[in-house]
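So you can see what is in the structure, the chains are spelled out below.
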Amino acid sequence: MKYPPALSRLSFSWYSENAVATVIFAVLALLPAFLSGYVIYIVPQYLLYGVLAMSLALLWGVAGILSFGQAAFFALGAYAMGLAPHWTSSVDPFYLALLVSLLIGAVLAGVVGYFLFSAGVRDVYFVLVTLALSIMTEQITVSQSDITGGYNGMFIPRAQLSFGGVSLDLSADVPMYYTILPIVIGIYVLLRLVVASRFGKVLVGIRENEDRVLSLGFRTSLYKTAAFALSGAVAGLAGALYGTHASFVSPSLAGVLFSTQVVVWVAIGGRESLLGALLGAVGVAALSNYLTAITPEYWQLVVGIVFVIVIMAFRGGVAGALIRLGSRPPMEPERG
Amino acid sequence: MQTALSVLVDSMLITFVFALAALGLAIIFGLMGVINMGHGAMLTLGAYFTWFATTKGVPFVAAVLLAAAGVGLIGLLLEHFIIRHFYDRPFETLLLTWGFFLISTELIKIAFGTDLRTVTNPLPGAAHFGSFVLPAYQSVVALISLALIVGLGVMLYRTGLGIKIRALVQNAEVASLLGLNVARAYKLVFVAGSAAAGLAGALISPMLSVDPYIGNIFLVRSFFVVIVGGIGQVLGGTLVGSFLIGGSETFFALFSGQVVAQTIVFMLAILVLRFRPAGVLRAQ
Amino acid sequence: MKHLQSPANKFSRRAVLRYAAAGSLASLAAPAIVRAAGERPIKVGLISPLTGAWTVYGKAHSAGFLLAVDEINAAGGVLGRKIEVVVADSKTEPRIVVEQANRLVREERVDFLAGTFSSAERNAAGPVVTAAKKVLLYPTFYEGQEQKYYPGVCNPDIFMFGPEPTQQVWPHMEYMMKNFGKKFFMIGSDYVWPRVTNEFTKEKLKELGGSVVGELYIPFNTPQYDSALRQIRESKANIIFHTLTGSDTVNFRKQFVAAGMNKDFTLWTVDDEEVVTSGLGPEVSAGAYVSFDYFMTIKNPNNGPFLERFRAKFGKDALMNTVGVAMYNAAHMAALALTKAGKVSTEALRDGLRDLAFDKAPQGTVTMRGRDNQMVLPSYLMRVRSGWTGVNDMFEEIQHFDSVTPVDARCKKLPL
């Protein structure tokens, strides 16, 4: 199969992204040696937003399927973490919740995805359904207050991990940091491998020209379903970890505002680069945390304007712009 | 029987409000295929313009017309400077119109503040018929909604301009070969859709709390109204879609909680999208 | 278009920003400030909904606290130390409350926290408060404490300065039933506060021989109320007991009045204080009954001077309400508690607040009940005047009780 031209750019950036990612993760790994306090507390949360962003980048940047409902999976993962201790089980609720959150994300996304993709529902219509998915998730979690605590939210105890005889108290910042960071790196590496695999290449083909991939004999609906299921699973897992980190979940975590914020992160960071999406989420969330104290109204306005500029002029977001700087000029403008 | 009748009346009132709210989207999305995620923001702007004008002493009817014109103008600027460059890229127009929502919501907060605003009901009073009640203003809005939809239908099916626009919807290339100025027709449709959204926001404002997110209540519902009714079916589709979305919400709310009713309606809309995708599918 | 904002609005925003800037500057200059322990200010983290859905309440919320801090500092501070406020915006999002509460505790190193608005925001702050061993002063009228929502409630470190249903509703039920009838129709937003408030109301209703002829919960952001209005009409209720919040309260009330139903039913709301009633406007709000622990027009001798000081600082049109007054009381009572203890620590604040009475509250004397951290407050029933022109003639007093003791918190163990 002959791959569309976009792939050559992907392979070009493969090694440079590896190098940048290695440096960033190394810095993150050493961070607690130099800093303490709030930074060490909050960075894991931003990284989990980053994982959520990567779940969207996989779908949108690679396969060309935009979802406005990623927060629904994220919130369901967090609720799984909160409810796990109530399920009678001999298994450690933390691991059980991680497993369940993966499954909920994968199954819900898989079912919805197959249901729609198999009928040829595409593009913008899929966006509307995912938007409705996040609204429904928010409403159901509000109304099922016996289970979820409703609008008032649910407290999630920080986990006490035990593997073998060693136990780890995640209520302290540093153990939490070193639990979440390797998972984030692991998910990043895994998703990079997925993108580089034959499966990932078919997804890129679908993004560039679905009909052509279809005519080559691939059942594109199955590939798209699998991509959405994987994306849902990753978002669910990130949500479960977010739940234990924040110790709290409430229905607005599933809502449209948060869901669409993920789209903004990914667009600004760079939808075609997983690292770009990760850093886009970390960067925008961190800036927003510090700037809202100083200028609550105008910050949101700036984010909106940057978002529009990125969509109009820098399709690849910040990461795309950087990659272009490093590659042979001049690149011909892309078509969407 | 009385109950059935008043359920029916309620459903009709809701249907017309939903149809009015969805009309601008039915024009832009239905005729051009442009996913206007800024539709909610346009409703909100229409409501705020009405509020602002009435507080400055402008009579209500004039305020409504000003609001529609104002939002139409914003639509013109949006189309001219941004959207027209992206007509062949549906994702980009979707995201750019969402960006328009983000920016205009923040500008509304900065310009008009975040206090609860209300537009005084210009037609207080209600007619009572046994056990059911027709609020005067809502009834007038329902009639305007119906008139607008019928008028639009007549325009599309009975006038030269309408025929050109329908030709454009069916095949832009052929239409341009036939000498139709495609760019201008698109601009006209986009501005008409924006003005319709502004008008809807203005007319709805006396019934609701005017706040920066008022339009988003209708955003997803409006999309579903257009999808369920059938894209491009401005006349019948919008009414049927509104009846199915709004009316069935009323109907399900008889037997279950409101939340369940809304959820069921969303699910039904998704089912329609899946199984009756008239206009939803690309040509296979 | 900036001129559209009222002067009060602008002023309060600027004031908030100044406090925030002062806070962050002080934190940058932290080493220089630690000259003498005695001079170091007491830092308080204030979490207010400055943006997002509850912004309308956020102004009075932060204003009440900032006014009290100004008064405390003008009188020489606490134990010779000034109080410094670090303001954080909750964006009306529990998710952001977690982030900001942690920032205030870990980075700003505040001595205690005040604020959060909704129960969801408070519950989000609960785990942070517990982990950091800090006190949170919570101002809003709410559903009362129930072990299920620990650590957001039933938490020895969280103090409730606003009323709960047995204070806000129970005292006025006899009056309402005697004058308007015994059949209640309950309509509320679909979340915990309306549901629990209605449970309490039903309990008392049963005791008094009344009945519930309809109970309806509406999802947030519902635009159309035709079917709800029909159900109310058909129920033949005497009193509509109203716990809708936010924009839904406006949407419902406008359509309720448009259908002419305000003539046939008595409406009693436990949500619509000065800010929301102003938003409703005179046509829509007239004739409704409202109950709270505080209104701007109550006749307590403390209230007049309080409002004078408030308006001098935030402008003559600024609105105060139950939540802002609770924040005001919270700041003063925290200062009294620390002064009494003679030192600044979580234990000193917690122990000092327990059973502390405050006689300068705008509502008169109020007391923090030590057993469950719940404030003992007055309770007022007001009727909205028809044709009111502003907060000064908005509410007409029907009856009031100077001090209403709530039922015990439903916590696993009391005292907390």
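A quick note: this is a predicted structure, and the numbers were derived from the prediction, not measured.

A. View of the overall build of chain B. Broken down by element type, chain B carries eleven helices and two strands. Helices (α) and strands (β) of chain B occur, in sequence order from the N terminus, as α-α-α-α-β-β-α-α-α-α-α-α-α. Here the C-alpha radius of gyration of chain B, 19 Å, is about what a compact globule of 284 residues would show, namely 19 Å. Seen through its C-alpha atoms, chain B measures out along the principal axes to roughly 60 × 45 × 35 Å. Looking at chain B residue by residue over its 284 residues, the buried ones come to 60%. Relative to all contacts within chain B whose residues are 6 or more apart in sequence, the contacts with residues 24 or more apart total 74%. Charged side chains in chain B number 14 positive and 9 negative. The centres of these two groups are separated by 9 Å.

B. Local environment of the packing of helix α2 (residues 38-62) of chain A against helix α7 (residues 173-196) of chain A. Residue and element names in this part refer to chain A. One way to put it is that α2 packs onto α7 with a least axis distance of 9 Å and a crossing angle of 15°. With respect to α7, the axis of α2 lies roughly parallel. By crossing handedness, the relation of α2 to α7 is classed as left-handed. Across from Ile40, Tyr41, Val43, Pro44, Leu47, Leu48, Val51, Met54, Leu58 and Val62 in α2, the residues of α7 making contact are Asp173, Val174, Tyr177, Ile180, Leu181, Val184, Ile187, Tyr188, Leu191, Val194 and Val195. Split by residue class, the contact of α2 with α7 holds 20 nonpolar, no polar and one charged.

C. The arrangement of the interface of chain A and chain B in detail. The interface is formed by 43 residues belonging to chain A together with 41 residues belonging to chain B. Of the roughly 4,000 Å² buried at the junction of chain A and chain B (both faces included), carbon and sulfur atoms supply 77%. On the chain A side of the interface with chain B, the three residues burying the most area are Phe115, Tyr125 and Leu128 of chain A, jointly 16% of the side's total. Our count for the chain A to chain B interface comes out at one salt bridge. A salt bridge links Glu92 of chain B to Arg271 of chain A, with the nearest nitrogen and oxygen atoms 3.8 Å apart.

D. Summary view of the state of the cysteines. Residue and element names in this part refer to chain C. Scanning the entire structure with this criterion turns up one disulfide over all chains. Put simply, Cys154 and Cys411 are joined by a disulfide, and their sulfur atoms are 2.0 Å apart. Of note, the bridge from Cys154 to Cys411 carries an S-S torsion of about -85° and is left-handed in sense. Remark: Cys411 occurs in the segment after β14 (395-404) and Cys154 occurs in the loop between β4 (136-138) and β5 (158-160); sequence separation between them is 257 residues. Just as Cys154 is buried, Cys411 falls in that class too.

E. View of the interface of chain B and chain C. Contacts between the two partners involve 42 residues from chain B, matched on the other side by 33 residues from chain C. Buried area between chain B and chain C, summed over both chains or domains, comes out near 3,300 Å², and the portion from carbon and sulfur atoms is 57%. It is Leu116, Ile217 and Gln258 of chain B that lose the most area in chain B upon contact with chain C, and together they represent 18% of the buried surface on that side. Connecting chain B to chain C are two salt bridges. The partner of Asp10 of chain B in a salt bridge is Arg230 of chain C, with the nearest N and O atoms 2.5 Å apart. If you look at where chain B meets chain C, you find eight residue pairs in polar contact (both at pLDDT 80 or more). Of all elements in the fold, only α1 (2-32), α4 (90-112), β1 (126-129), β2 (132-135), α9 (216-229), α10 (234-255) and α11 (258-275) of chain B reach the threshold of two or more residues within the side of chain B that touches chain C. At eight residues, the largest contribution of residues to the side of chain B that touches chain C is made by α1 of chain B. Counted by class, the side of chain B that touches chain C contains 22 nonpolar, 16 polar and four charged residues.

F. View of the environment of Ala19 of chain B. Here Ala19 of chain B shows up in helix α1. Put simply, Ala19 of chain B and Ile227 of chain B are 208 residues apart on the chain and 13 Å apart in space, counted from C-alpha to C-alpha.

G. Representation of the nonpolar core in the model. Ranked by size, the top nonpolar core spans 344 residues in total, and within it Leu66 and Phe68 of chain A together with Leu137, Phe161 and Trp268 of chain C carry the most contacts. For this core, the element with the most residues is α2 of chain A, which contributes 19 residues. Those residues in contact with Phe68 of chain A that sit more than four places away from it in its chain are Val127, Thr130, Leu131, Ser134, Ser259, Thr260 and Val263 of chain A together with Met37, Leu94, Leu95 and Trp98 of chain B. By size, the runner-up hydrophobic cluster in this structure holds five residues, among which are Val9, Leu13, Phe16 and Phe132 of chain B.

H. A look at the pattern of salt bridges. Taken as a whole and judged by the stated rule, the model has 28 salt bridges over all chains. Of the charged contacts in the structure, one is a salt bridge between Lys187 of chain B and Glu79 of chain B, with a shortest N-O distance of 3.7 Å. Separated by 108 residues along the polypeptide, Lys187 of chain B in helix α8 (residues 182-204) and Glu79 of chain B in helix α3 (residues 60-81) bring together distant segments of the chain. Accessibility assignment for this pair places Lys187 of chain B and Glu79 of chain B in one class, buried. Through salt bridges with shared partners, one network takes in Arg369, Arg371, Asp372 and Asp408 of chain C.

I. Focus on helix α7 (residues 170-180) of chain C. Considered for burial, the residues of α7 of chain C that qualify are Trp170, Pro171, His172, Met173, Met176 and Met177 of chain C. Where α7 of chain C ends, the next residue or the one after it, Gly181 of chain C, has phi of about 125°, a positive value.

J. Seen up close, helix α4 (residues 93-117) of chain A. Taking 1.5 Å of rise per residue, the 25 residues of α4 of chain A would be expected to cover 36 Å, and the 34 Å separating its terminal C-alpha atoms lies within 8% of that figure. Check the buried side of α4 of chain A and you find it contacts α3 (70-83), α5 (123-143), β2 (160-163) and α9 (220-246) of chain A together with α11 of chain B. Its side-chain oxygen at 2.9 Å from the backbone nitrogen of Phe94 of chain A, Asp92 of chain A defines the N-terminal cap of α4 of chain A.

K. Looking closely at the side chain of Asp190 of chain C. Relative to the elements of secondary structure, Asp190 of chain C occurs in the loop between β6 (183-189) and α8 (192-207). A distance of 2.8 Å separates a polar atom in the side chain of Asp190 of chain C from a polar atom in the side chain of Arg195 of chain C. Sequence-distant contacts of Asp190 of chain C, that is, excluding residues within four places in its chain, are made with Val142 and Ser143 of chain A, Val259 of chain B together with Arg195, Tyr217, Ile218 and Pro219 of chain C.

L. The arrangement of a nonpolar patch on the surface in detail. Residues and elements named next belong to chain B. Among the surface-exposed residues, Leu5, Leu8, Met12, Val240, Phe243 and Leu244 lie close enough to one another that they form a single nonpolar patch of about 480 Å² accessible area. Secondary structure elements with two or more residues in the nonpolar patch: α1 and α10. Among the secondary structure elements, Leu244 is positioned in helix α10.

M. Looking closely at the packing of aromatic side chains. All names here are of chain C. Per the counting criterion, the structure on display carries 51 aromatic pairs over all chains. Summarising the aromatic geometry, the rings of Phe141 and Trp193 are spaced 5.6 Å apart at their centres and angled 65° between planes, so their arrangement reads as edge-to-face. Separated by 52 residues along the polypeptide, Phe141 in the loop between β4 and β5 and Trp193 in helix α8 bring together distant segments of the chain. No difference in accessibility class separates Phe141 from Trp193, as the two residues are buried. Their ring planes at 80° and their centres at 5.1 Å tell us that Phe241 and Trp268 sit as a pair that is edge-to-face. One end of the pair, Phe241, is in strand β8 (residues 239-243); the other, Trp268, is in strand β9 (residues 266-269), and 27 residues separate them in sequence.

N. Structural view of the environment of Ile135 of chain A. By secondary structure assignment, the location of Ile135 of chain A is in helix α5. When the C-alpha positions of Ile135 of chain A and Leu237 of chain A are compared, they lie 20 Å apart, and in sequence the two are 102 residues distant. Contacts of Ile135 of chain A, omitting those with residues within four sequence positions, involve Val256 of chain A together with Val220 and Phe266 of chain B.

O. Focus on unusual backbone geometry. Residue and element names in this part refer to chain C. Here the amide bond leading from Tyr150 into Pro151 is cis, since omega sits at 5°, within 30 degrees of zero. In this fold, Pro151 is placed in the loop between β4 and β5. Of note, Lys133 is a non-glycine position whose phi angle comes to about 55°, a positive value. Along the chain, Lys133 falls in the loop between α5 (119-132) and β4. Since its relative accessible area comes to 57%, Lys133 is described here as exposed. Backbone geometry places Asp355, a non-glycine residue, at a positive phi of 60°. With respect to the element layout, Asp355 can be found in the loop between α14 (346-353) and β11 (357-361). A relative accessible area of 55% places Asp355 in the exposed class.

Scoring rules and cut-offs
Residues numbered from 1 in each chain as written. Chains lettered and ligands numbered in written order. Predicted model: local features only at pLDDT ≥ 70, side-chain atom pairs only at ≥ 80, totals over all residues. Heavy atoms only, no water. Helix = DSSP H or I, 4+ residues; strand = E, 2+ residues; numbered from the N terminus. Rg over C-alpha atoms; globule rule 2.2 N^0.38 Å. Buried < 20%, exposed > 50% of the residue type's maximum accessible area, 1.4 Å probe, protein only. Contact = heavy atoms within 4.5 Å. Lys, Arg positive; Asp, Glu negative; His and termini not counted. Charge placed at Lys NZ, Arg CZ, Asp CG, Glu CD. Axes fitted to C-alpha atoms, helices over the stretch in contact; angles between N-to-C directions. Parallel < 35°, antiparallel > 145°, perpendicular 65-115°, else oblique. Left-handed = near helix turned anticlockwise from the far one by under 90°. Nonpolar A, V, L, I, M, F, W, Y, C, P; charged D, E, K, R; others polar. Buried area = accessible area lost by both parts, 1.4 Å probe. Salt bridge = Lys/Arg side-chain N within 4 Å of Asp/Glu carboxyl O. Disulfide = S-S within 2.5 Å. Polar contact = N/O pair within 3.5 Å; in protein donor to acceptor, adjacent residues only side chain to side chain. Core = buried A, V, L, I, M, F, W, Y, C linked by side-chain atoms within 4.5 Å. Expected span 1.5 Å × (residues − 1). Patch = residues over 30% accessible without salt bridge, like charges linked within 9 Å, V, L, I, M, F, W, Y side chains within 5 Å. Areas by Shrake-Rupley, 256 points an atom, 1.4 Å probe, with all protein chains shown as cover. Phe/Tyr/Trp six-rings, centres within 6.5 Å; stacked < 30°, edge-to-face > 60°.

Take it as geometry only, folks, not as evidence of what the structure does.
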